[in-house]
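What follows is the residue order along each chain.
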Amino acid sequence: MLARKSIIPEEYVLARIAAENLRKPRIRDRPRKARFIAKNGACNLAHKNIREQGRFLQDIFTTLVDLKWRHTLVIFTMSFLCSWLLFAMMWWLVAFAHGDMDPSTESTTNSTKWTPCVTCVRSFTSAFLFSIEVQVTIGFGGRMMTEECPLAITVLILQNIVGLIINAVMLGCIFMKTAQAHRRAETLIFSRQAVIAVRNGKLCFMFRVGDLRKSMIISASVRIQVVRKTTTPEGEVIPIHQVDIPVDNPIESNNIFLVAPLIICHVIDKRSPLYDISATDLALQDLELIVILEGVVETTGITTQARTSYIAEEILWGHRFVPIVTEEEGVYAVDYSKFGNTVKVAAPRCSARELDEKPSILIQTLQKSELSHQNSLRKRNSMRRNNSIRRSNSMRRTNPSLIVPKVQFITPEGSQSASET
């Protein structure tokens, strides 16, 4: 505005704005990498330029199951309507070829003994109704087939076979869509964030998994994979390089008993791809840890799989999950409101390799944590003591009756001493 009114020259204003912009540091965020597996378990992958589309029709049942519900319902409806219309046309042709559509046959019915192929079928509408009655076995009783036409018997057999095939395929498709394995996985939950903390003297990567249903997951197992972009010594770029990392499980069968939420632990040792990563390096890493939980549903016997992933921003260094399982009146209770809650704990900021080479780092970290904990307790106790003294003083000032009067004590020698209590 000042430059427009010619109070300050416009060249000076532009130069000052440019100087202010140069002084401010420009912080550019690192471009965020696309996730390979979303938090809900969906694969973030798009298939493009597929030339052989006919391969999907070779496995038509799986294609129908993978379709969306609206497409499946449209195909379900159209398959029955098309079959009814097709066989209605065939019944109409059978009746037309036999002469059942000719009105002159009705006048000669009383004089000569004439039998139609299908009774009461004199139009396409009546043929369509008869087709529905045959295929869904309604049988109202008005229209029926006679033994006059062998062709009609062949059409009847053919329609029954086609109707059974359509019923089997479509009902099986609907059943498989409603009983898909990922439906059960909706009640298998993972913590939104993972943590790295010290457990049994080792740095460990941990996350929490739970099941909201009372029905069990039989033979449940957990696998962890690290997905990252790597380059081989020959210069080959592997955009999705998958590396399996072991899970610390004291059970030899590597199965978990998922009756209550569990904390799955991975010890960061020499076999782990996180062995050389420190707390400062973690934020700069372009990696993704994929967690896969597999098991058999107890009620249906179908194998289910639940997935999630953790990127570097979702891993908290120096945190631990709070306990959520308590015993109340002889029953173990799980508080799912604290499922993903964490608390900050003492943990070395170095990598697991440095911790193995210098074990004194862990001892120093624990000692510093103990000293800070003791100092915080002292400060808390002193603050409580000061608050209690201030509260008692304020109560004495506001209520004079609480002040204790002076009392004189007379000794046997006759001397007097005044003491205040």
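Criteria and thresholds
Residues numbered from 1 in each chain as written. Predicted model: local features only at pLDDT ≥ 70, side-chain atom pairs only at ≥ 80, totals over all residues. Heavy atoms only, no water. Patch = residues over 30% accessible without salt bridge, like charges linked within 9 Å, V, L, I, M, F, W, Y side chains within 5 Å. Areas by Shrake-Rupley, 256 points an atom, 1.4 Å probe, with all protein chains shown as cover. Salt bridge = Lys/Arg side-chain N within 4 Å of Asp/Glu carboxyl O. Helix = DSSP H or I, 4+ residues; strand = E, 2+ residues; numbered from the N terminus. Buried < 20%, exposed > 50% of the residue type's maximum accessible area, 1.4 Å probe, protein only. Pairing = 2+ DSSP bridges. Axes fitted to C-alpha atoms, helices over the stretch in contact; angles between N-to-C directions. pLDDT = per-residue confidence, 0-100. Contact = heavy atoms within 4.5 Å. Expected span 1.5 Å × (residues − 1). Polar contact = N/O pair within 3.5 Å; in protein donor to acceptor, adjacent residues only side chain to side chain. Disulfide = S-S within 2.5 Å. Phe/Tyr/Trp six-rings, centres within 6.5 Å; stacked < 30°, edge-to-face > 60°.

(A) Fine view of a nonpolar patch on the surface. Side chains of Leu57, Ile60, Phe61, Ile153, Ile157, Ile161, Ile165, Val169, Phe175 and Met176 sit close together on the surface and give an oily, nonpolar patch of about 900 Å² of accessible area. Those elements that place two or more of their residues in the nonpolar patch are helix H3 (60–66) and helix H7 (150–178). Position of isoleucine 153 among the secondary structure elements: in helix H7. Owing to a relative accessible area of 35%, isoleucine 153 belongs among the partly exposed residues under this scheme.

(B) Just the sheet that holds strand E7 (residues 287–297), in detail. Spatially, 4 strands are ordered E5-E4-E7-E8 in an open sheet, and the strand pairing comes out antiparallel. A strand with exactly one partner marks an edge of an open sheet, and here the two such strands are strand E5 (237–245) and strand E8 (303–311). Adjacent strand axes in the sheet meet at a mean angle of 25° when their direction is disregarded. By the bridge criterion, 7 bridges tie strand E4 (residues 217–231) to E5 in an arrangement that is antiparallel. Bridge assignment links valine 227 to a residue of E5, and that residue is glutamine 242.

(C) Looking closely at the confidence of the model for the protein. Averaged over every residue, the pLDDT of the protein is 79; the share at 70 or more is 78%. The least confident element of the protein, judged by mean pLDDT, is strand E15 (residues 416–419) at 44; the most confident is strand E10 (residues 319–321) at 92. The low-confidence segment residues 1–14, where pLDDT is below 50, has 6 contacts with residues more than four positions distant or belonging to other chains. In this model residues 22–28 is a low-confidence stretch, pLDDT under 50, and it forms 0 contacts with partners more than four residues away in sequence or in other chains.

(D) A look at H7. Across its 29 residues, H7 extends 42 Å between first and last C-alpha, which sits within 8% of the 42 Å expected from 1.5 Å per residue. Along H7, the residues that are buried comprise Ala152, Val155, Gln159, Gly163, Ile166, Met170, Cys173 and Lys177. Residues of H7 that are buried sit in contact with H3, helix H4 (69–98), helix H6 (124–136) and helix H8 (181–184).

(E) Region of the structure containing the environment of arginine 307. On the secondary structure map, arginine 307 appears in strand E8. For the pair arginine 307 and isoleucine 37, spaced 270 residues apart in sequence, the C-alpha to C-alpha distance is 7.7 Å. Apart from the residues lying within four places of it in its own chain, the contact partners of arginine 307 are Ile37, Lys39, Asn40, Gly41, Cys43, Phe190, Val291 and Ile292. Here glycine 41 takes part through its backbone oxygen, which lies 3.0 Å from a polar atom of the side chain of arginine 307.

(F) Fine view of the state of the cysteines. Inspection of every chain in the model, using the stated rule, returns 1 disulfide. What pairs with cysteine 117 in a disulfide is cysteine 149, and their sulfur atoms sit 1.5 Å apart. Across the S-S bond of cysteine 117 and cysteine 149 the torsion is about -55°, and the bridge reads as left-handed. Placement of cysteine 117 in the loop between helix H5 (104–107) and H6 and of cysteine 149 in the loop between H6 and H7 is noted, with a sequence separation of 32 residues between them. The same class applies to cysteine 117 and to cysteine 149, which are both buried.

(G) Just unusual backbone geometry, in detail. One non-glycine residue, cysteine 120, lies in the positive phi region at around 60°. Structurally, cysteine 120 is set in the loop between H5 and H6. Notably, threonine 137 is not glycine yet its phi reads approximately 50°, a positive angle.

(H) Main features of the packing of aromatic side chains. Counted by the stated rule, this structure contains 8 aromatic pairs. Taking the centre distance of 4.9 Å and the plane angle of 85° together, the rings of tryptophan 91 and phenylalanine 130 count as edge-to-face. Within this pair, whereas tryptophan 91 is found in helix H4, its partner phenylalanine 130 is found in helix H6, the two being separated by 39 residues in sequence. Note on tryptophan 91: relative accessible area 2%, which makes it buried. A relative accessible area of 5% means that phenylalanine 130 is categorised as buried. Centroid distance tyrosine 336 to phenylalanine 339: 6.1 Å. Interplanar angle 25°. Geometry classified as stacked. For tyrosine 336, a relative accessible area of 32% translates into the label partly exposed.

(I) Spatial organisation of H6. The first and last C-alpha atoms of H6 sit 18 Å apart over 13 residues, in line with the 18 Å expected at 1.5 Å per residue. The complete set of buried residues in H6 reads Ser126, Ala127, Phe130, Ser131, Ile132, Glu133, Val134 and Gln135. Against H4 and H7 lie the buried residues of H6. With its phi angle positive at about 50°, threonine 137 sits one or two positions after the end of H6.

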